[in-house]
Amino acid sequence: MKLTVRQAGDVTILDLSGRILFADGEEDFRAGLRPILESGQVNLLLNMIDVPFVDSAGIGEIVRAHATVKRQGGSLKLMNLGRRVHEALAITQMLTVIEAFDSEEEAIESFRKP
């Protein structure tokens, strides 16, 4: 799993690529996210367009990041979910907890709404 970071105003966008699975990507995700969280960036947007699959360990890491950001007064949102990722998040009902968007513009705008 690869993670690239870019900024759009006060929103930190993490472009993810590769699977986020137990022992195959979830540790890379956690390690890549750690310095971002430690730097105090609290508006995070995960671009998952190049993530073909996520398992329970990957979902757990996303939930952990969401909880950490929320404790720091921010929010974590998702965008560009592929079919299999969307299904996994829907089955676990994570999409009722974490907002997901189809476009980057819509996702970034959602951070500006109260």
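Up top you'll find the structure we're talking about.
Described in the following lines is the structure provided in the data block. The model shown is predicted, which means the values in this text are computed figures rather than measured ones.

Scoring rules and cut-offs
- Residues numbered from 1 in each chain as written.
- Predicted model: local features only at pLDDT ≥ 70, side-chain atom pairs only at ≥ 80, totals over all residues.
- Heavy atoms only, no water.
- Pairing = 2+ DSSP bridges.
- Helix = DSSP H or I, 4+ residues; strand = E, 2+ residues; numbered from the N terminus.
- Core = buried A, V, L, I, M, F, W, Y, C linked by side-chain atoms within 4.5 Å.
- Buried < 20%, exposed > 50% of the residue type's maximum accessible area, 1.4 Å probe, protein only.
- Contact = heavy atoms within 4.5 Å.
- Phe/Tyr/Trp six-rings, centres within 6.5 Å; stacked < 30°, edge-to-face > 60°.
- Lys NZ or Arg CZ within 6 Å of the ring centre and 35° of its normal.

**Re the sheet that holds strand 3 (residues 43–50)**
Reasoning step 1: The mixed open sheet is built from 5 strands, whose spatial order is 1-2-3-4-5. Because the sheet does not close on itself, it has two edges, and the strands there are strand 1 (2–8) and strand 5 (100–101).
Reasoning step 2: As judged from the 2 bridges shared by strand 4 (residues 75–79) and strand 5, these two strands associate in the parallel manner. Counterpart to leucine 78 in the pairing with strand 5 is alanine 100.

**Section: the nonpolar core**
Reasoning step 1: By size, the foremost hydrophobic cluster in this structure holds 25 residues, and its most contacted members are Leu16, Leu46, Met48, Ile62 and Leu78.
Reasoning step 2: Put simply, the parts of the chain that give this core at least two residues each are strand 2 (11–17), helix 1 (26–38), strand 3, helix 2 (56–71), strand 4 and helix 3 (83–91).
Reasoning step 3: Residues in contact with methionine 48, not counting those within four places in the same chain, are Leu16, Ile20, Ile62, Leu78, Met79, Asn80, Leu81 and Val85.

**A look at the packing of aromatic side chains**
Reasoning step 1: The full count for this structure, using the stated rule, is 0 aromatic pairs.
Reasoning step 2: Lying over the aromatic face of phenylalanine 111, lysine 77 brings its terminal NZ or CZ to 4.5 Å of the ring centre.

**So, the environment of aspartate 28**
Reasoning step 1: Mapped onto the fold, aspartate 28 is located in helix 1.
Reasoning step 2: Look at aspartate 28 and you get partly exposed, because its relative accessible area is 43%.
Reasoning step 3: Distance from aspartate 28 to methionine 79, taken between C-alpha atoms, is 19 Å for residues 51 residues apart in sequence.

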